[in-house]
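Chain by chain, the residues:
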2 protein chains.
Amino acid sequence: MAAPSSAGPEQRPIATVDIVLVTLGEEGLRLCLQRREHEPHAGELALVGGYVRPEQDADIEAAARRILAGKARLEGLYLEQVRSFGGPGRDPRGWSIAIIYLALVPEERLIAAEAAGAPRFERIDPDRLPPLPFDHARLITAALARLRSKASYSTLPAFLLGDQFTLPELKAVYEQAIGTKLNDSAFRRKLMEMQILEEVDAKASATAERKRPAQLYRLARRTLTEFDRTV
Amino acid sequence: MAAPSSAGPEQRPIATVDIVLVTLGEEGLRLCLQRREHEPHAGELALVGGYVRPEQDADIEAAARRILAGKARLEGLYLEQVRSFGGPGRDPRGWSIAIIYLALVPEERLIAAEAAGAPRFERIDPDRLPPLPFDHARLITAALARLRSKASYSTLPAFLLGDQFTLPELKAVYEQAIGTKLNDSAFRRKLMEMQILEEVDAKASATAERKRPAQLYRLARRTLTEFDRTV
DNA sequence: TTAATAGTGTCTCTCAGACATTATCAC
DNA sequence: GTGATAATGTCTGAGAGACACTATTAA
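Treat the numbers as computed from the prediction; the structure is a model and nothing was measured.

Caption draft 1: Representation of the packing of aromatic side chains within the structure. Applying the stated criterion across every chain yields a total of four aromatic pairs over all chains. The ring of A:F85 has A:R83 sitting right over it, with the charged end atom 4.2 Å from the ring centre.

Below, the structure written as structure tokens:
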């Protein structure tokens, strides 16, 4: 075995955080990409990302939140580390490590961010990805696999909705995230038995355009809850 | 938003790979630690780990395999990335990122590695961890959580056994990994229905010391298989 | 009243756990 | 045969899906 090197700064890899930002559009899950401001690949659609800054960041998640706030004007989102990719060829600037985060954002927060001056988000159908710079395609694949898998045994899809939501809305998000239809009465039964939700007291809301208004709920715990069984 | 920095080498974090090496001892899962050769914390028990070396490594997993081969004389193990931790305080040399891998090793491979000159592995009961340097305790916690959770819906525990094993042996590993007793006939039923195993043809083995010998099996696929349902 | 969605009740089928039974070996 | 573990067969209860049915609103 070679003698240990000091691994001085000159041989350290570049370290970046890339955020796979997902929202729920009219027609299903949408990936939010922005045009890059700087080289390389300036002007092209890509993941929201940036350098880990040792002089600023308390940890990796703090770097992710700083980047989200700075480039996307988004704060307080559901954020989960997926994994890291590294190698010599993924970034022309040199051997690099990308730590991937999955972030979920309600559509209305996106609109508010754009109104507050964030560069426009392109909402992309994840099944119709355009060619992307770097290895962003595989980063996205990894994050969406995590989303789809974790959706079926946790409250993760709820973070694509606002604070309050109806059961039919919640069921629809689960269906989008998992990719299959769910049984209505079983869905209600399970969520109620598991005590995942609490009624928003006394207020049932009128639906936007028609028909019977539905009861509003919120998550009983504001953090992710994992189930012992499937949705 | 601040102007983008070039993130020249001088502001890059240190990048290391740390490997949570797990085996199955007589009395259950055991964490394998080695004494550190170099400062900081030379001589103390710690995870097998090392620097990512941009000049050598094709990707992060290659770094992990290089470190395992170099410091532990182990090759071809089951290896899975868990997640990354980073921050200014976890390593006295500076702001650092540790990419954590879970590695599973059959006990006999460990013994062979030690015989081949690897520094001795201390087999530690994960429920009785001694104080550890850096933030290795939380890295271990993260990797063991992954092991315990994934054990119940995949062939992961099988990688703690050698190439061939009996069903009672396999059941015992699952029980150790998951931490609960399993139902015998249900265990057999599920593994058989899922076509996870194949019989080692015509050879049933004699047990070491006594009683009825059991049929030997091997994994039908040498890679990890995830189940649609729980073990 | 009608139309459409929200929400409930009930039946059935599947599957996992419990446990009894049979099989196969060493001695 | 005896004793011990390996392997199989069967029963039962819990829970998920299917679907019919009731509830509540706007128009």
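Caption draft 2: Geometry of helix α5 (residues 184-193) of chain B. Residues and elements named next belong to chain B. Residues of α5 that are buried: A186, F187, K190 and L191. The buried residues of α5 occupy an angular sector of 120° when projected down its axis, which confines them to one face. One or two steps after α5, the chain reaches Q195, where phi turns positive at roughly 55°.

Caption draft 3: Region of the structure containing the relation of the copies chain A and chain B. Of the two same-sequence chains, chain A is brought onto chain B (RMSD 0.0 Å, axial shift 0.0 Å) by a rotation of 180°. Here the transformation between the copies is reduced to the relation of a two-fold axis. The overlap is high: 100% of the interface residues of chain A also sit at the interface in chain B, so the same surface is used on both sides.

Caption draft 4: Highlighting the domain arrangement of chain A. Residue and element names in this part refer to chain A. Once the domains are mapped, chain A shows domain 1 (12-151) and domain 2 (156-219). Each partner contributes residues to the interface: domain 1 has 16 residues there, and domain 2 has eleven residues. A combined buried area of about 1,100 Å² lies between domain 1 and domain 2, and 76% of that area is made up of carbon and sulfur atoms. Together, L24, L104 and A151 form the three largest contributors to the area buried by domain 1 at its contact with domain 2, with a combined 41%. For the interface between domain 1 and domain 2, the tally reads zero salt bridges.

Caption draft 5: Fine view of the nonpolar core. A:L21 and B:L21 are the most contacted members of the largest nonpolar core, which totals 52 residues. Contributing elements (two or more residues each) for this core: β1 (14-25), α1 (60-72), β6 (96-104) and α2 (107-115) of chain A together with β1 (14-25), α1 (60-72), β6 (96-104) and α2 (107-115) of chain B. Not counting residues up to four positions away in its chain, the partners in contact with A:L21 are A:R30, A:L31, A:C32, A:L68, A:L74, A:L77, A:A103, A:V105, A:L110 and A:F121. Judged by nonpolar contacts, the second largest core, of 43 residues, contains B:L29, B:M194, B:I196 and B:F227.

Rules used in this analysis
- Residues numbered from 1 in each chain as written.
- Chains lettered and ligands numbered in written order.
- Predicted model: local features only at pLDDT ≥ 70, side-chain atom pairs only at ≥ 80, totals over all residues.
- Heavy atoms only, no water.
- Phe/Tyr/Trp six-rings, centres within 6.5 Å; stacked < 30°, edge-to-face > 60°.
- Lys NZ or Arg CZ within 6 Å of the ring centre and 35° of its normal.
- Buried < 20%, exposed > 50% of the residue type's maximum accessible area, 1.4 Å probe, protein only.
- Helix = DSSP H or I, 4+ residues; strand = E, 2+ residues; numbered from the N terminus.
- Arc of directions from axis to C-beta.
- Least-squares fit on C-alpha atoms with pLDDT ≥ 70 in both.
- Contact = heavy atoms within 4.5 Å.
- Domains from an automatic or database assignment.
- Buried area = accessible area lost by both parts, 1.4 Å probe.
- Salt bridge = Lys/Arg side-chain N within 4 Å of Asp/Glu carboxyl O.
- Core = buried A, V, L, I, M, F, W, Y, C linked by side-chain atoms within 4.5 Å.

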